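# Observations on chain architecture
Letter by letter, the chains look like this.
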Amino acid sequence: NNNTDYSSSSSNRQPQLHSSSEMDLAPSKTALFGLSVIFHTLSNPTFRHLLLTALLHPLSPEASGGEVISAPPQIILPISAKKKKKKTVWSDDFQLEIRMEKNQKRRSEETEAFQRDVNVYTFGTEPIVGDGREGEGENAGPPLDYANTCLFILAPALVDMLRNNTTTRAVAEESTTSRRNNPYRKILLSSISGLNEMVALQPLATAALHAALSSAEGSVVRKIMLPTTTPSSATNSNAKADGILVSETLLCLCRGTMNAHVTYDGWWKAKFNTVAARTLMDVVSDNALYLSTASSMLANIRLVAAEFLMTLPSLLDSKSKGSESPVKKNKTNNASAPESGQHLETWLLDRFFFDPADRHATSIVENVCYLVEQSKEDDSKKEQYRYGLEVLSSIDIRGTSSLLCEGTTVIENNMVVGAGTRGNTPFHCAASWALACLYLDAFCIKLSKLLASLDEKKVEKLSESTSAVAVLPSLVRKLSYISASSGNDGKFDDDGDSNDEVANSLAHISSKFAIAMLDEGESSSSASPEGKAGNAAPAHGSAVGLVGKAAFPCVCEVSQQFAPLFSGRTCISNEGIQWQSLYLVVTGKWAVLAEPGHGGSGGEGRVITACRLACLAVKKDSSSLVNNKTPARRLLVAHASLDPRPPSLFTVDNSNSSSSRGRNVGGVGGPNLGPDGLRLTRSRMDLWFEDSNAAGHACRVLSGKIAKARARRGGRIRTALLAR
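To keep things clear, this report deals only with the structure shown in the data block. (Residues numbered from 1 in each chain as written. Predicted model: local features only at pLDDT ≥ 70, side-chain atom pairs only at ≥ 80, totals over all residues. Heavy atoms only, no water.)

### Some words on the overall build of the chain
Scanning the chain from N- to C-terminus turns up 19 helices and 26 strands. For the chain, contacts bridging at least 24 residues in sequence account for 74% of all contacts bridging at least 6. Carbon together with sulfur atoms contributes 51% to the accessible area of the chain, which is approximately 35,800 Å² in total. (Helix = DSSP H or I, 4+ residues; strand = E, 2+ residues; numbered from the N terminus. Contact = heavy atoms within 4.5 Å. Areas by Shrake-Rupley, 256 points an atom, 1.4 Å probe, with all protein chains shown as cover.)

### Some remarks on the sheet that holds strand β14 (residues 414-417)
Note on sheets: strands pair through backbone hydrogen bonds, and any given pair is parallel or antiparallel. Spatial ordering of the open sheet is given by β10-β9-β14-β13, a layout of 4 strands whose pairing is mixed. Every interior strand has two partners, whereas the edge strands, β10 (268-272) and β13 (410-411), have only one. Of the pairings in the sheet, the one linking strand β9 (residues 258-263) to β14 comprises 2 bridges and is parallel in character. Bridge pairing links Thr263 to Val417 in β14. Set on the sheet, helix α15 (residues 426-453) makes contact with β9 and β10; between it and β10 the angle comes to about 30°. (Pairing = 2+ DSSP bridges. Axes fitted to C-alpha atoms, helices over the stretch in contact; angles between N-to-C directions.)

### Brief notes about the packing of aromatic side chains
Taken as a whole, this structure holds 7 aromatic pairs when the rule is applied. Measuring from centroid to centroid gives 6.0 Å for Phe353 and Phe513, while their planes differ by 80°, and the two rings are edge-to-face. A residue pair is termed long-range when its members are at least 10 positions apart, and Phe353 in helix α13 (residues 344-354) and Phe513 in helix α18 (residues 511-518) qualify at 160 residues. Comparing Phe353 with Phe513 shows no difference in burial state: the two are buried. Ring centres 5.4 Å apart and planes at 40° place the aromatic pair Tyr370 and Tyr387 in the tilted group. One end of the pair, Tyr370, is in strand β11 (residues 369-374); the other, Tyr387, is in strand β12 (residues 383-390), with 17 residues separating them in the sequence. Residue Tyr387 is classed as partly exposed on the basis of its relative accessible area, which comes to 23%. Ring pairing ties together the aromatic residues Phe272, Tyr439 and Phe443, which thus form one cluster. (Phe/Tyr/Trp six-rings, centres within 6.5 Å; stacked < 30°, edge-to-face > 60°. Buried < 20%, exposed > 50% of the residue type's maximum accessible area, 1.4 Å probe, protein only.)

### Things to note about the sheet that holds β12
In space, the 4 strands of this open sheet follow the order β15-β11-β12-β16, with antiparallel pairing throughout. The open sheet terminates on both sides in strands that have one partner only, identified here as β15 (478-481) and β16 (506-508). Each adjacent strand pair in this sheet contributes to an overall mean axis angle of 50°, direction not counted. The pairing of β11 with β12 spans 6 bridges and is antiparallel.

### Examining the packing of helix α10 (residues 236-255) against helix α11 (residues 274-284)
Interhelical geometry of α10 versus α11 gives an angle of 155° and a closest axis separation of 8 Å. Taken together, the axes of α10 and α11 are roughly antiparallel relative to one another. Between α10 and α11 the crossing geometry is left-handed. Contacts between α10 and α11 involve Leu250, Leu253 and Cys254 from the first element and Leu280, Val283 and Val284 from the second. Taken together, the residues that form the contact of α10 with α11 break down as 6 nonpolar, no polar and no charged. (Parallel < 35°, antiparallel > 145°, perpendicular 65-115°, else oblique. Left-handed = near helix turned anticlockwise from the far one by under 90°. Nonpolar A, V, L, I, M, F, W, Y, C, P; charged D, E, K, R; others polar.)

### Observations concerning the pairing of strand β22 (residues 604-612)
In terms of burial, β22 is a largely internal element, 7 of the 9 residues being buried. As defined by bridge partners, strand β21 (residues 590-596) adjoins β22 across 7 bridges and the pair is classed as antiparallel. Bridging across to β22, Val592 finds its partner in Ala610.

### Things to note about the side chain of Glu595
With respect to the helices and strands, the residue Glu595 is situated in strand β21. With relative accessibility at 0%, the residue Glu595 sits in the buried group. For Glu595, the side chain forms a polar contact with the side chain of Ser567, separated by 2.6 Å. Not counting chain neighbours up to four residues away, the residues in contact with Glu595 comprise Phe566, Ser567, Gly568, Arg569, Thr570, Gln580, Ser581, Leu582, Gly605, Arg606 and Ile608. (Polar contact = N/O pair within 3.5 Å; in protein donor to acceptor, adjacent residues only side chain to side chain.)

### Some details on the pattern of salt bridges
One pass over the structure, following the stated rule, counts 13 salt bridges. Arg710 is the partner of Asp355 in a salt bridge, and the nearest nitrogen-oxygen pair spans 3.0 Å. In this pair, Asp355 is assigned in the loop between α13 and β11 and Arg710 in helix α19 (residues 692-721), connecting sequence segments 355 residues apart. Taking relative accessible area as the criterion, Arg710 reaches 5% and is therefore assigned buried. The partner of Asp643 in a salt bridge is Arg645, with the nearest N and O atoms 3.3 Å apart. According to the relative accessible area criterion, Asp643 is buried, its value standing at 11%. (Salt bridge = Lys/Arg side-chain N within 4 Å of Asp/Glu carboxyl O.)

### Quick word on helix α7 (residues 183-193)
Buried within α7 we find Arg185, Leu188, Leu189, Ser190, Ser191, Ile192 and Ser193. A distance of 3.0 Å separates the backbone nitrogen of Tyr184 from a side-chain oxygen at the start of α7, and that oxygen is part of Asn182. Directly beyond the C-terminal end of α7, a positive phi value near 75° is found at Gly194.

### Brief notes about the packing of helix α2 (residues 26-41) against helix α14 (residues 397-405)
Two numbers describe how α2 lies on α14: the axes approach to 10 Å, and their chain directions differ by 180°. Here α2 lies roughly antiparallel to α14, going by the angle between them. Of the residues in α14, those touching α2 at Lys29, Thr30, Phe33, Ser36, Val37, His40 and Thr41 are Ile397, Thr400, Ser401 and Leu404.

### Quick word on the nonpolar core
Among the nonpolar cores identified, the biggest contains 115 residues, and Leu309, Phe352, Phe353, Leu438, Phe443 and Met517 are the most heavily contacted of them. It is α15 that provides the largest number of residues to this core, a total of 17 residues. Once residues within four sequence positions are removed from consideration, Leu309 is found in contact with Leu349, Phe352, Phe353, Ala430, Trp433, Ala434, Cys437 and Leu721. Of all hydrophobic cores here, the second largest spans 31 residues; its members include Val558, Leu635, Phe650 and Met685. (Core = buried A, V, L, I, M, F, W, Y, C linked by side-chain atoms within 4.5 Å.)

### A few points about empty space enclosed by the protein
Scanning all chains against the criterion turns up 6 cavities of 30 Å³ or more. Looking at the second largest cavity, its volume works out to about 80 Å³. If you trace the second largest cavity, you find it lined by Leu584, Ala591, Val592, Leu593, Thr609, Cys611, Leu616, Val637, Phe650, Met685, Leu687 and Leu702. Sorting the residues of the lining of the second largest cavity by element identifies β21, β22 and β26 (681-689) as the ones contributing at least two each. For the lining of the second largest cavity, the element with the most residues is β21, which contributes 3 residues. Of the residues contributing to the lining of the second largest cavity, the split by class is 11 nonpolar, 1 polar and no charged. (1 Å grid on protein atoms, 1.4 Å probe; cavity = no way out; pocket = protein on both sides within 12 Å on 5 of 7 lines; lining within 4 Å. Points joined across faces, edges and corners; volume = space filled by probe spheres on them.)

### A word on the pairing of strand β20 (residues 577-587)
Summarising the sheet, strand β18 (residues 550-557) and β20 pair through 8 bridges and their orientation is antiparallel. Directly across from Ala551, in β20, lies its bridge partner Val585. As defined by bridge partners, strand β19 (residues 571-574) adjoins β20 across 4 bridges and the pair is classed as antiparallel. Looking at β20, one finds that Ser573 is bridged to Gln578. The antiparallel hairpin formed by β19 and β20 contains 2 residues in its connecting segment, where Glu575 sits at a positive phi of about 55°. As paired elements, β20 and β21 share 5 bridges and run antiparallel to each other.

Next comes the structure, spelled out in structure tokens:
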């Protein structure tokens, strides 16, 4: 429900339950599930068109007082196309069919222009032909006097309304059918948009509408669902009414893409509904006006979601003042808060995207995929590499049945999820909004690119397609996954069908958002003269000044793998362990570990490795106090980066690998980017200091520098999110 004031509900006030206990949701849920099953399984296209008209047409016949005609079905056996010796060949494979009308094709072409696109029953609108015996008196038999006979029952007014749907409004108004606003359509769209108590039916309503729109040709659905008044027949009042109807319909569909739930603690949790996004795309993808309207509405929804996300850091901070901080409860990383509140909001925003909410979860950035974008229309096949997401999906009967079985709690017209359990903590809720903003950004880019690519010829091609989404690759540049394990390196196959379906579901995030969130600049493991000025990593072996900078003497254990990095002048062996004297230096955006210069003085050190501050986390090791008879104290330094190669002296940390099982986790010599999303390579190292004072001072200074670096990245993310 996008009309909800999330900020006012995110408080310590405990909502009072009053709605859920007063509503019996079983009949409504069963009806929506039944509709989904019908549209998934019904094979008769003309019957589907009538059901679509009854469910989605803006108008409907009056509920009572209309003519209703019933008649027995005509059962026929199809004749095989194969003939032998001029005799008809019957096959046991054929099933009995119900004849719906006589000379359907000829009538469609000669008398009813609309049926050239939409098959309409004429059954029930013709004089009833009886099967009774001829004669009078006792020899006569009533046409429908059969016990237990299966009858079709059809309101001719519904057929008349479907037939006149695409004619001019003047012709439609000449119909004698008494009409009203369609109450079923209103209920369905209200449920999809999550208005008031209808939010309880939002998932099933979305699944039902998706099944309905997927069951028929795209052009048929749009002609039934939205007005198609021609400019020559439209009046100012009619055009205005049609515009309002289109706007209201598209607004409900757009709202359905964002589902918001609230915990009992008053924290809002968001989810982007990819099934609702697919449904919206099916409705608008062939019409520039619809696309423009939907794109504008979704842009507003994206901005509202981003603005609400910006309020969560301060809410988390204010919550922590009265109780234990929800941020401190997140023990999955070593992040340290800024000592002052100057950078707190953007630092927390960065954490929402880059820190996993718990040890079983992945970070939000790891939901992003690395994609290749190319076009098959030109011979050059120029490629671009993008960051994106799968924003469209379908749902089948099995998925719909799982929605039917889900428990539903509604409080003050809002869907409520349990609080305090895993997945519903305040940090989880904040991360869900970050992910929803990512999806909204990518979906808005998909709509805007499709709108820019439409022209008259391509619209005509779309209108002839059975599915508007099926021809999207011919209109826009095609996206596909890049997988290190795929045989074709993510390139397209010639068969195209399965790849087209995948390509249609993908969308890349905006360049501004991608750069703000994922552009780490020059890799920490190499140096290049092409790096931006002042942004390149200090190269191994280069000199770094120690005077006037935050430089802390320390030692680390050196494995045989990293021994060649050192000159050996300041290396000490003790009980078979090689220890190396180092300086921890903060210079610009980098934390540098440098070997002391020749003679141990001179104000310069020799760079061994460098790490971006925004990729680091540091904390004191309390376990080193146990059985430690020396004053030396240890700092635990963690590193997380999109670079699959950890920095020198760091070893890959497999302690949190449970969330990466089954994924293409990369190692040395290959990317760790695949169809399951980006991967943050996590590594760690230990630094020992002379005593607790030295370790504490280094930890405070380094933590402050890290927090400022992450706050700067969070500031860039905020700017990108709030961009209009």
